[in-house]
Amino acid sequence: MLNKIQLHWQILIALVLSIFFGILFPEQVRHVEWMGDIFLRTLRMIIIPLIFSSIVVGVTGIGSSENLGRMSLKTISYYLMTSFFAIATGLILVNLIKPGVGADLGLSQMVEGLDVSRDSFGQTLIKIIPTNIIDVMARGDLPAIIFFAIFFGFFTTKVSKEHREPIVNFFTGTFEIMMKITMFVIKFTPLGIFAIVASLIAAHSDNLLMIFGRLGIYMLTVIAALSIHAFITLPLLVRFLGRSNPVKHARGMSVPLLTAFSTSSSSATLPLTMEAVEFKSGVSNKTTSFVLPLGATINMDGTALYQCIAVLFIAQAYGVELTIVQQLMVMITALLASIGAAGIPMAGLVIMTIILSAVGLPLEGIGLILAVDRILDMFRTAVNVWSDSCGAVIIAKSEGEELNV
Ligand code: ASP
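Scope of this entry: the structure provided in the associated data block. Note that this is a predicted model, so its numbers are computed, not measured.

1. As for the pattern of salt bridges
Counting across every chain of the model gives seven salt bridges. Taking the shortest distance from any N to any O, the salt bridge between K161 and E165 comes out at 3.8 Å. Taken together, the residues K161 and E165, both in helix α7 (residues 161-186) and four residues apart, mark about one turn of the helix. Two residues, R380 and D377, come together in a salt bridge whose shortest N-O distance is 3.4 Å. Linking R380 with D377, this pair stays in helix α17 (residues 366-398), spanning three residues, or about one helical turn. Note on R380: relative accessible area 0%, which makes it buried. Look at the salt bridges and you will find they share partners, linking R70, K74 and E399 into a network.

Here's what the structure looks like:
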């Protein structure tokens, strides 16, 4: 217990120090960058075996097709509901504050080299079915891996005991080993975070003040909407839908939340999220191993909210009035785009091109917000992870589990 509190403070101290270090010694930052690389690479190393084994264990643990159907329905309903609340919050705030009106179009940056998502939503859906499981694992295509793992787990329950047992034992063992590696890696979180954030600050230090000056209102709008969602909406859901204590749950989640904030990657944070939700908040392994990997890939409240504000900001800056129907279109495409976005840094920005095209706004509009995207990514990723963890608590409670929160 004491150890964990110390880790939480260690991370906070590392964060503060990294900001000073990045601003004061931008040249020296390259000497510590390797620590961040090692930390992130180790987390990424764990993800594929962790996700695959956890889903197989989760699905075999859920058992019958009826239980699996119920669990999937609850999980997906929760994810859709919270993303909808997030988008609505973003939409209301951006319409009230209007940060884009009078924004300086001269600040626009070139967006060359930014990958534009070319797949339609239908194609993206079809691609969830892998044609080659080794290929999707090599590419780290998480939705396809999850799809296969659910099938694999489900049909494991359909074979005879003689064949089922070694498979379940093997994947339970793999899962336990991945969690042990995670617990080992957690100890190095402060060092990893220090290096990652210091590099980020050093890279942006020259124009930090200018950026805040020009895009400050836009940033504040995004941060205010994310805060409403994270500090009001989600805790209320945990309190009333999950009949649990959101403050206690948040305390247990401090390490993954700070890691999500610092790495801007909900996928890389997944091992830490699973550890905290299971061992701190007391959600069963069966629930965490199904709900959280799914959440890290498809549930991105922060990203959906952000995309909504960003698109309306661009419309306001270009002086384009979006009708109610167009705003509805933004809501729906933002929801779909957030489901399609990968849990990696700046994925939300890339996939935003889909929304801009849907409402006929110029793709160069992204250049307007490029300068602050990486910083806002930190906030939205933390909200993405927070929402996944609240979902695990609410679903566990609805399944009659006894939790620690
Ligand atoms: N970085 C976010 C995540 O990993 C995705 C995004 O760019 O919004 O959750």
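2. Quick look at helix α12 (residues 266-279)
With 14 residues, α12 should cover 20 Å at 1.5 Å per step; its first-to-last C-alpha distance of 19 Å lies within 8% of that length. Taking the largest bend as the criterion, α12 deviates by roughly 35°, centred on L272. Within α12, 13 of the 14 residues are buried, which leaves the element mostly enclosed by the surrounding structure.

3. So, helix α13 (residues 285-298)
In this model, α13 (14 residues) spans 20 Å end to end at C-alpha, consistent with the 20 Å of a helix rising 1.5 Å per residue. Taking burial as the measure, the 14 residues of α13 include eleven buried ones, the bulk of the element. Along its buried surface, α13 packs onto α2 (33-62), α3 (65-97), α6 (142-156), α12, α15 (324-340) and α17.

4. Quick notes on a nonpolar patch on the surface
Together, V16, I19, F20, I23, L24 and F25 make up a nonpolar patch on the protein surface, roughly 570 Å² of accessible area in all. Checked against the element boundaries, I19 lands in helix α1 (residues 2-24). Take I19: its relative accessible area is 37%, and that puts it in the partly exposed class.

5. Quick word on the site of the ligand
Close to the ligand lie 15 residues; S266, T303, G348, D377 and R380 are nearest. T303 places a polar side-chain atom, nitrogen or oxygen, 2.7 Å from an oxygen atom of the ligand. Contact between the ligand and D377: a nitrogen atom at 2.8 Å from a side-chain N or O atom of the residue. When the ligand sits alone it has 270 Å² of accessible area, and the protein chains cover 100% of it. Of all the secondary-structure elements, those providing two or more residues to the shell around the ligand are α16 (347-358) and α17. Per-element tally for the shell around the ligand: the top contributor is α17, with four residues.

Each value, and the rule that gives it
Residues numbered from 1 in each chain as written. Predicted model: local features only at pLDDT ≥ 70, side-chain atom pairs only at ≥ 80, totals over all residues. Heavy atoms only, no water. Salt bridge = Lys/Arg side-chain N within 4 Å of Asp/Glu carboxyl O. Helix = DSSP H or I, 4+ residues; strand = E, 2+ residues; numbered from the N terminus. Buried < 20%, exposed > 50% of the residue type's maximum accessible area, 1.4 Å probe, protein only. Expected span 1.5 Å × (residues − 1). Bend = angle between axes of the 7 residues up to and from the residue. Contact = heavy atoms within 4.5 Å. Patch = residues over 30% accessible without salt bridge, like charges linked within 9 Å, V, L, I, M, F, W, Y side chains within 5 Å. Areas by Shrake-Rupley, 256 points an atom, 1.4 Å probe, with all protein chains shown as cover. Near = heavy atom within 4 Å. Polar contact = N/O pair within 3.5 Å; in protein donor to acceptor, adjacent residues only side chain to side chain.

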